[in-house]
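# Structural characterization, general
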Amino acid sequence: QVQLVESGGGLVQPGGSLKLSCAASARIFNIYFMRWYRQAPGKERELVASITSGGTTVYADSVKGRFTISRDNAKNTVYLQMNSLKPEDTAAYYCNFRKIPSGDYWGKGTLVTVSS
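Our subject in this report is the structure included herewith. Source: prediction; values computed, not measured.

## Quick look at the state of the cysteines
Going through the model one piece at a time under the given rule, you end up with one disulfide. Across the disulfide from Cys 22 sits Cys 95; the S-S distance is 1.9 Å. Taking the torsion about the sulfur-sulfur bond, which here is approximately 55 degrees, the covalent link between Cys 22 and Cys 95 counts as right-handed. Placement of Cys 22 in strand S3 (residues 18-24) and of Cys 95 in strand S9 (residues 91-99) is noted, with a sequence separation of 73 residues between them. The pair Cys 22 / Cys 95 is uniform in exposure class, with both members buried.

Rendered as structure tokens:
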């Protein structure tokens, strides 16, 4: 079964940067959406950023101007460049690949902690 594996999380000071990566363990064809979600302790999971196969991006208001999502279709990989990090960005970050009309894949998450 294909798995998604996130990497790049860790501890960073406020104002710092991190780049998350998410790669599939095997080739997945026709992925339409590649997305990043996050879930902070005691809160619901929320969509952070999304990118379609055509390159159209959507961001949560809270991260606009600070985060950038990108994808490498040949490598079945999605990235999330996170700049100007804030303590409220602390969360477990999950990647999601979604095929149209069906097919949904999730990673197990990588923890991002923003603290001085």
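## Topic: the sheet that holds strand S7 (residues 67-72)
A sheet is described by the order of its strands in space; here four strands give the open sequence S1-S3-S8-S7, paired in antiparallel fashion. At either margin of the open sheet sits one strand with a lone partner, and together these are strand S1 (4-7) and S7. If you compare each strand with its neighbour and ignore which way they point, the axes differ by 15 degrees on average. When S1 meets S3, the two strands line up antiparallel, connected through four bridges. The residue of S3 that forms the bridge with Val 5 is Ala 23.

Rules used throughout
Residues numbered from 1 in each chain as written. Predicted model: local features only at pLDDT ≥ 70, side-chain atom pairs only at ≥ 80, totals over all residues. Heavy atoms only, no water. Disulfide = S-S within 2.5 Å. Helix = DSSP H or I, 4+ residues; strand = E, 2+ residues; numbered from the N terminus. Buried < 20%, exposed > 50% of the residue type's maximum accessible area, 1.4 Å probe, protein only. Pairing = 2+ DSSP bridges. Axes fitted to C-alpha atoms, helices over the stretch in contact; angles between N-to-C directions.

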